[in-house]
Amino acid sequence: MCLAVPSKIITKNNLLAIVDVYGARREVSLVLLPEDVEEGDYVLVHAGFAIQKVDFEAAKETMKMQLLYAAMFESEEEKMPKAGLEPA
Amino acid sequence: MHELLKLIEKLSKTIARKLNIMEVCGTHTAEIFKHGIRDILPESITLLSGPGCPVCVTSINDIDKTIEISRQDDIILTTFGDMMRVPGSRLSLSDARAEGANIIVVYSPMISLDIARLNQNKKIVFLSTGFETTIPLIAATIEEAEQSRIDNFHIYPLNKLLPPALNFLLDSKEIAIDGFILPGHVSTIIGSDIYEFISSKYSIPSVITGFTADDILTGIAMLLRQIYEERSDIEIQYSSVVKKQGNKKALSLIYKYFEPDLAYWRGIGLIERSGLSLGQGFKHRDINSIFNIYEMDLDEAPKGCMCGYVLKGIMTPPECSLFGQKCTPSKPMGACMVSDEGNCAIYYKYRSANFLKK
Ligand code: SF4
């Protein structure tokens, strides 16, 4: 029931937008968004409402940190002291 | 994600004990099965499924009352499709509709409001189910109804809040959990700070996780790292949409119209402040304030249904004697077999591959 999908804003008029969800056009309400969005931005859509702007950069950063840790763990497995690394 | 899987294997070897990791969101459970994640994880990691299916925790009593309401001449009941097949004591909403009750399935509460606009001579009731992901949309719909003075729009409030249920589950000490995969979309609204009690009170690590296979493996790797480093933080893997403080605009809209209240979770029981009722000044939007249905007893599951234990992660669905025999998705005995996100329905769907697995 909590299914939500990232969708691209095609056009926007005040607090209503037309978004592209897997190729289909849908009208969604922007009233719940905490920040401004523009055409071309991605929003997370749930049951006719955008509930958050999608920040792809933040996601990439998180993934990068985890892969970095994986590599570090790999090479220093033996020597690494517990809690010796900065948390991500 | 080869690197992550390798990391998970190495970490679990180093940790060298059995770990119970619970995912609480039905969408996670469904994705974990779909991608066969249980099969590729090291033996020592057991994934448990928790109470995160709003359909599954709706009481028989409320289904019965909703059916009663939908039979009134001047009422049209509107609902998300997931609720249609949940068994009440005798009928489901779908059965009631076949018998002539006025029930319309909608994909958004805003559609209900449109129906109200077009049917001024009827009372339109939205069966308000769902967790924090869905609640702001209902608050926004009520706001629109207030501002546009659409007086014939009402809700039957059954929304549930996830953190109090987790607190209840942990408090009952019925199950040992080493880490939580916390729900991504609920947390988009409520943020990560609100889960602080999981760390401070129970010292259990948590990671708010997205829904792709990569997301879920990353979330599990982050949990193992916390266990290895002896930390119990609330971390965010799903950082594309989850912020520490959540969506403040959505939260303030929720608490403009609703206030926390005692709520009954099917199979689990009554949990303090785990539901929402309409706040002062908005009680008239609650159909129960207009249309007084006799109080029924707190319901019990049909004989033999173990949904309550399944929802708490104490039992797996195949351990229920009705599973796959008397209880199937086409003829469900309990609510856990109804929704696509119900633990029993998910196990049933993937039963050939996973029937004998935990
Ligand atoms: S298999 Fe059916 S009867 Fe058994 S716990 Fe699940 S829903 Fe209940």
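Each value, and the rule that gives it
Residues numbered from 1 in each chain as written. Chains lettered and ligands numbered in written order. Predicted model: local features only at pLDDT ≥ 70, side-chain atom pairs only at ≥ 80, totals over all residues. Helix = DSSP H or I, 4+ residues; strand = E, 2+ residues; numbered from the N terminus. Rg over C-alpha atoms; globule rule 2.2 N^0.38 Å. Buried ≥ 20, exposed ≤ 12 C-beta atoms within 10 Å, placed from the backbone. Contact = placed C-beta atoms within 7 Å. Domains from an automatic or database assignment. Nonpolar A, V, L, I, M, F, W, Y, C, P; charged D, E, K, R; others polar. Near = placed C-beta within 6 Å. Pairing = 2+ DSSP bridges. Expected span 1.5 Å × (residues − 1). Axes fitted to C-alpha atoms, helices over the stretch in contact; angles between N-to-C directions. Core = buried A, V, L, I, M, F, W, Y, C linked by C-beta atoms within 7 Å. Arc of directions from axis to C-beta.

Draft legend 1. Molecular detail of the overall build of chain B. For chain B, the count of helices and strands is 15 helices and 11 strands. At 21 Å, chain B has a C-alpha radius of gyration in line with the 21 Å of a compact globule built from 358 residues. In terms of overall dimensions, chain B has C-alpha extents of about 65 × 45 × 35 Å along its principal axes. For chain B, buried positions account for 55% of its 358 residues. In chain B, once contacts between residues fewer than 6 apart in sequence are set aside, the share between residues at least 24 apart is 77%.

Draft legend 2. Geometry of the overall build of chain A. Counting its regular elements, chain A contains 1 helix and 5 strands. Reading chain A from its N end, one meets helices and strands in the order β-β-β-β-β-α. Counting over 88 residues, chain A shows a buried share of 32%. Put simply, of all contacts in chain A between residues at least 6 apart along the chain, 29% involve residues at least 24 apart.

Draft legend 3. Layout of the domain arrangement of chain B. Residues and elements named next belong to chain B. Looking at the assigned domains, one finds that chain B contains domain 1 (1–301) and domain 2 (307–354). Here the C-alpha centre of domain 2 lies 18 Å away from the C-alpha centre of domain 1. Contacts between the two partners involve 27 residues from domain 1 and, on the opposite side, 19 residues from domain 2. Listed by contribution, the elements that provide at least two residues to the side of domain 1 that touches domain 2 are helix H2 (26–34) and strand S2 (45–49). Top contributing element to the side of domain 1 that touches domain 2 by residue count: H2, with 5 residues. Of the residues assigned to the side of domain 1 that touches domain 2, the class counts are 15 nonpolar, 7 polar and 5 charged.

Draft legend 4. Highlighting the interface of chain B and chain A. On the chain A side, the residues contacting the 41 residues of chain B number 32 residues. Those elements that provide at least two residues to the side of chain B that touches chain A are helix H1 (2–15), helix H7 (135–147), helix H9 (184–190), helix H11 (213–228) and helix H12 (248–257) of chain B. Residue composition of the side of chain B that touches chain A, grouped by class: 19 nonpolar, 12 polar and 10 charged.

Draft legend 5. Structural detail: the site of the ligand. In the vicinity of the ligand lie 14 residues, with B:Cys305, B:Cys320, B:Cys327, B:Gly334 and B:Cys344 positioned nearest. For the shell around the ligand, the per-class residue count stands at 13 nonpolar, 1 polar and no charged.

Draft legend 6. Representation of the pairing of strand S6 (residues 153–157) of chain B within the structure. Residue and element names in this part refer to chain B. The element S6 is largely enclosed, with a buried count of 5 among its 5 residues. Of the two faces of S6, both are covered, the one formed by Phe 153, Ile 155 and Pro 157 as well as the one formed by His 154 and Tyr 156. Pairing between strand S5 (residues 123–128) and S6: 5 bridges, direction parallel. Note on S6: the bridge partner recorded for Phe 126 is Ile 155.

Draft legend 7. Fine view of H7(B). Residue and element names in this part refer to chain B. Its 13 residues give H7 an end-to-end C-alpha distance of 18 Å, which sits within 8% of 18 Å, the value for a rise of 1.5 Å per residue. Every buried residue of H7 is listed here: Ile 135, Pro 136, Leu 137, Ile 138, Ala 139, Ala 140, Thr 141, Ile 142 and Ala 145. Taken from the residues just after H7, Arg 149 is the one with a positive phi, measuring 50°.

Draft legend 8. Region of interest: the sheet that holds S2(B). Residue and element names in this part refer to chain B. A sheet is described by the order of its strands in space; here 5 strands give the open sequence S2-S1-S7-S8-S9, paired in parallel fashion. Sheet topology places S2 and strand S9 (234–236) at the edges, where each strand pairs with a single neighbour. Adjacent strand axes in the sheet meet at a mean angle of 25°, parallel and antiparallel pairs treated alike. Contacts from H2 reach strand S1 (19–23), S2 and strand S7 (179–183) within the one sheet, and its direction differs from that of S1 by about 120°.

Draft legend 9. A look at the sheet that holds S5(B). All names here are of chain B. Strand order in the open sheet formed by 4 strands is S4-S3-S5-S6, and the pairing between neighbours is parallel. Here the strands that pair on one side only, and so sit at the sheet edges, are strand S4 (103–105) and S6. Each strand axis lies, on average, 30° off the axis of its neighbour in the sheet, ignoring direction. In this sheet, S5 lies alongside strand S3 (residues 75–79) in parallel orientation, the contact comprising 4 bridges. Directly across from Thr 78, in S5, lies its bridge partner Phe 126.

Draft legend 10. Main features of the nonpolar core. Ranked by size, the top nonpolar core spans 139 residues in total, and within it A:Phe49, A:Ala50, B:Ile8, B:Ile21, B:Val125, B:Ala139 and B:Cys336 carry the most contacts. If we ignore the near neighbours within four places in the chain, the residues touching B:Ile8 are B:Leu41, B:Pro42, B:Leu217, B:Ile220, B:Ala221 and B:Leu224.

Draft legend 11. Seen up close, the environment of B:Gly179. All names here are of chain B. Position of Gly 179 among the secondary structure elements: in strand S7. Gly 179 sits 19 residues away from Ile 198 along the chain, and the two C-alpha atoms are 9.7 Å apart. Dropping the residues within four chain positions of it, Gly 179 is found in contact with Leu 19, Ile 21, Ile 204, Pro 205, Ser 206, Leu 223 and Ile 227.

Draft legend 12. Looking closely at helix H8 (residues 162–171) of chain B. Residues and elements named next belong to chain B. Within H8, burial applies to Leu 162, Ala 165, Leu 166 and Leu 169. For H8, the angular spread of buried residues about the axis comes to 100°, placing them on one side. Of the surrounding secondary structure, the elements contacted by the buried residues of H8 are S7, H9, helix H10 (196–200), strand S10 (258–265) and strand S11 (269–278). Backbone geometry just after H8 places Lys 173 at a positive phi near 55°.

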